[in-house]
Amino acid sequence: ETVAQGRGIKCSQCTRVLKKIKALAGDDPDEAAVAAALQKGCRGLGRAVGKLCQRLVKKYQDQITEALQNGDMPQDICTAMGFCRS
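Residues numbered from 1 in each chain as written. Predicted model: local features only at pLDDT ≥ 70, side-chain atom pairs only at ≥ 80, totals over all residues. Heavy atoms only, no water.

## What about the state of the cysteines?
A full pass over the atoms with the stated rule returns three disulfides. Across the disulfide, C11 is cross-linked to C84 (sulfur-sulfur distance 2.0 Å). When the S-S torsion is 95°, as for the bridge of C11 with C84, the disulfide is right-handed. Note that C11 is positioned in helix α1 (residues 11–25) and C84 in the segment after α4 (74–80), a separation of 73 residues in sequence. The exposure class of C11 is partly exposed, given its relative accessible area of 26%. Classification of C84 as buried rests on a relative accessible area of 6%. Two residues share a disulfide in this structure: C14 and C78, whose sulfurs sit 2.1 Å from each other. Looking down the S-S bond of the C14 and C78 bridge, the torsion is -95°, so its handedness is left-handed. Taken as a pair, C14 in helix α1 and C78 in helix α4 lie far apart in primary sequence, 64 residues in all. (Disulfide = S-S within 2.5 Å. Helix = DSSP H or I, 4+ residues; strand = E, 2+ residues; numbered from the N terminus. Buried < 20%, exposed > 50% of the residue type's maximum accessible area, 1.4 Å probe, protein only.)

The structure is reproduced here in structure tokens:
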């Protein structure tokens, strides 16, 4: 299976990853807080989701950073990235 199109990442998994990263980043994160959260966020999600998380973070780092700084909700971020249907 190719995860290149991102279809390998389901809405629920994306949301789970983003919820964890958002919690780690805190309420009003600066760039450094988000970067640290992206680093730490993939740990402790289990091997499969953790791998997926790293791929997600690598590919969408700028988008995720911006969204978290805007205070967007995980579900909305995942929708914007195309993993969830709006």
